Amino acid sequence: MGRHVAIIGAGAIGVISAIEALREGHRVTLIDPGEPGGEQAASYGNAGWLSSHSVIPPAEPGIWKKVPGYLLDPLGPLAIRWSYLPKALPWLIKYLLAGWTEAKIETTAIAMRALLKDAPLLHRKLAEEAGVPDLVERNGVMHVFPSRVNFDGDLGWRIRKRVGIEWLELNADEMRQREPELDPRYTFGVVVEEAGRCRDPGAYVAALAAHAQASGAEFVRAKATGLRLDGNKLVAVVTETGEVPCDAAVVAAGARSKLLTASVGDALPLETERGYHVMIENPETGPRNSMMVSDAKMVVNWTNKGLRAAGTVEIGGLDAAPNWKRAEILRDYLVNMFPKLPKNIPASRIKMWMGHRPSMPDGRPCIGYSRASRDIVYAFGHGHVGLVGSARTGRLVAQLVSGKTPEIPLEPFAPQRFL
Ligand SMILES: Cc1cc2nc3c(=O)[nH]c(=O)nc-3n(C[C@H](O)[C@H](O)[C@H](O)COP(=O)(O)OP(=O)(O)OC[C@H]3O[C@@H](n4cnc5c(N)ncnc54)[C@H](O)[C@@H]3O)c2cc1C
């Protein structure tokens, strides 16, 4: 029998969970104080990669040696704000430990592969269903390296091979043929043909939300503040403007999910890895494909609104003001990568954005029941892969709400691993 499911958060995870819950025959209410696909959500401004091969967690063995550098360089690819260090410390310790050994990283990679496999196809089907097929492309993505040595030294690629991911390797000449505008200092490339990309993540989420509403979901514009239980039975989602009665709830509020889980006694180590993007409207040139630039830790992707460079990590909490210098660095990198881009693009053609990746320390999201009640499902903490990971997560959420056996093992994603 269908249940009344309240889904808190209308980012990529929430709206796809809504579509899949409707498909299972449930009644759905989506709750969000913002516009679905709006700038407040990480799902708006991400790089748009549908990279089913992004299975490697952010922390790697020996990363602890780099922590002093992260603290000293506020503009580095990974920076930790001094003022936020005391608050972030417990999460940072778990993060360092999660990447301590190769075996730990491989365990996460195996789990993430199950979550992300086939994601470009799942997204394409969702985009077709929502009437926006052109927003999802499945023509591969490229990683570029200054040299082959940088690739060979990367543990992540060795583990990717072991979990069954395949790619094409390009020497300098082959790279030039594919990407004639790219600065020749990049001499080695890898193409992952199974991956895809989204041409406008914000518009995609908005279209999915509209599709959910057209299929029967109700949208309540409100900020959820808690979950009301009667014993272990869920009664309502509490919002700033009143209660939404329901018999199941999904917590999918991205980086802001922590207060909601704490309201029912689940203290989960969710942190925000702040990231930035810079967008150049009507750029003079750019890549032919979408590319990850290994030394800058940023993705360059064409969107319908322009050329977007997105990435880097800043540990600084949910409330601190953006440090726009970090986005300017992305812009400068982009201009150096494509020498035919003018050095002084007018500010009117440049847009900058900062958003909050919702990140668990071990690089695996929380997908599973709350300890307080099986009426509450958690679906957050997807870190760097929440767009690509949203397609299967939505299906898993619907299966959990329906009490069905999930289509992949959920032990690696169980919130209880931290409790
Ligand atoms: C710079 C950058 C680049 C990235 N690149 C990629 C990429 O290429 N590929 C990829 O797969 N992932 C990428 N990511 C990660 C991805 O964007 C996130 O993991 C994903 O968007 C998380 O989706 P979400 O739905 O969990 O959260 P969000 O998109 O943040 O949505 C959460 C929603 O919850 C709402 N909300 C918050 N609090 C409440 C409340 N109390 N009550 C009700 N609603 C609430 C918010 O308003 C928001 O709409 C990137 C992230 C960043 C920052």
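Above this note sits the structure.
What comes next concerns the included structure. (Residues numbered from 1 in each chain as written. Predicted model: local features only at pLDDT ≥ 70, side-chain atom pairs only at ≥ 80, totals over all residues. Heavy atoms only, no water.)

Quick word on the sheet that holds strand S20 (residues 366-369)
Rules: Pairing between two strands requires that DSSP report at least two bridges joining them. Think of it this way: any DSSP run of H or I at least four residues long counts as a helix, any run of E at least two long counts as a strand, and we number them from the N terminus. For helices, the axis comes from a line fit to the C-alpha atoms of the stretch in contact; other axes are also lines fit to C-alpha atoms, and the angle between any two N-to-C directions lies between 0 and 180 degrees.
Within the open sheet, the 6 strands sit side by side as S10-S2-S1-S14-S21-S20. Their pairing is mixed. Taken across any chain shown, the strands that pair with only one partner, and hence form the sheet edges, are strand S10 (218-220) and S20. Ignoring strand direction, the axes of neighbouring strands in this sheet form an average angle of 15 degrees. Here strand S1 (residues 4-8) runs beside strand S2 (residues 27-31); their pairing, made up of 5 bridges, is parallel. Directly across from Ile7, in S2, lies its bridge partner Leu30.

Re the packing of aromatic side chains
Two aromatic rings are characterised by how far apart their centres lie and by the angle between their planes. For clarity, the threshold we go by: In this analysis, rings of Phe, Tyr and Trp, with Trp reduced to its six-membered ring, are considered paired at centre separations within 6.5 Å, and the interplanar angle assigns stacked below 30 degrees, edge-to-face beyond 60, and tilted for intermediate values. Exposure is judged per residue with a 1.4 Å probe applied to protein chains only, and the accessible area is read against the type maximum: over 50% gives exposed, under 20% gives buried, and values in between give partly exposed.
Tallying each qualifying case throughout the model produces 12 aromatic pairs. Ring centres of Phe145 and Phe151 lie 5.5 Å apart, and the angle between their planes is 75 degrees; this geometry places the pair in the edge-to-face category. When its relative accessible area of 6% is taken as the criterion, Phe151 is described as buried. A centroid spacing of 6.1 Å and a plane angle of 80 degrees characterise the contact between Phe151 and Trp167, whose relative ring orientation is edge-to-face.

Regarding the sheet that holds strand S12 (residues 233-239)
As summarised here, the arrangement of the 3 strands in space is S11-S12-S13, forming an open sheet in which the pairing is antiparallel. Pairing within the sheet leaves two strands with one partner each, and these edge strands are strand S11 (224-230) and strand S13 (242-245). Averaged over all adjacent pairs, the angle separating strand axes in this sheet is 30 degrees, with direction ignored.

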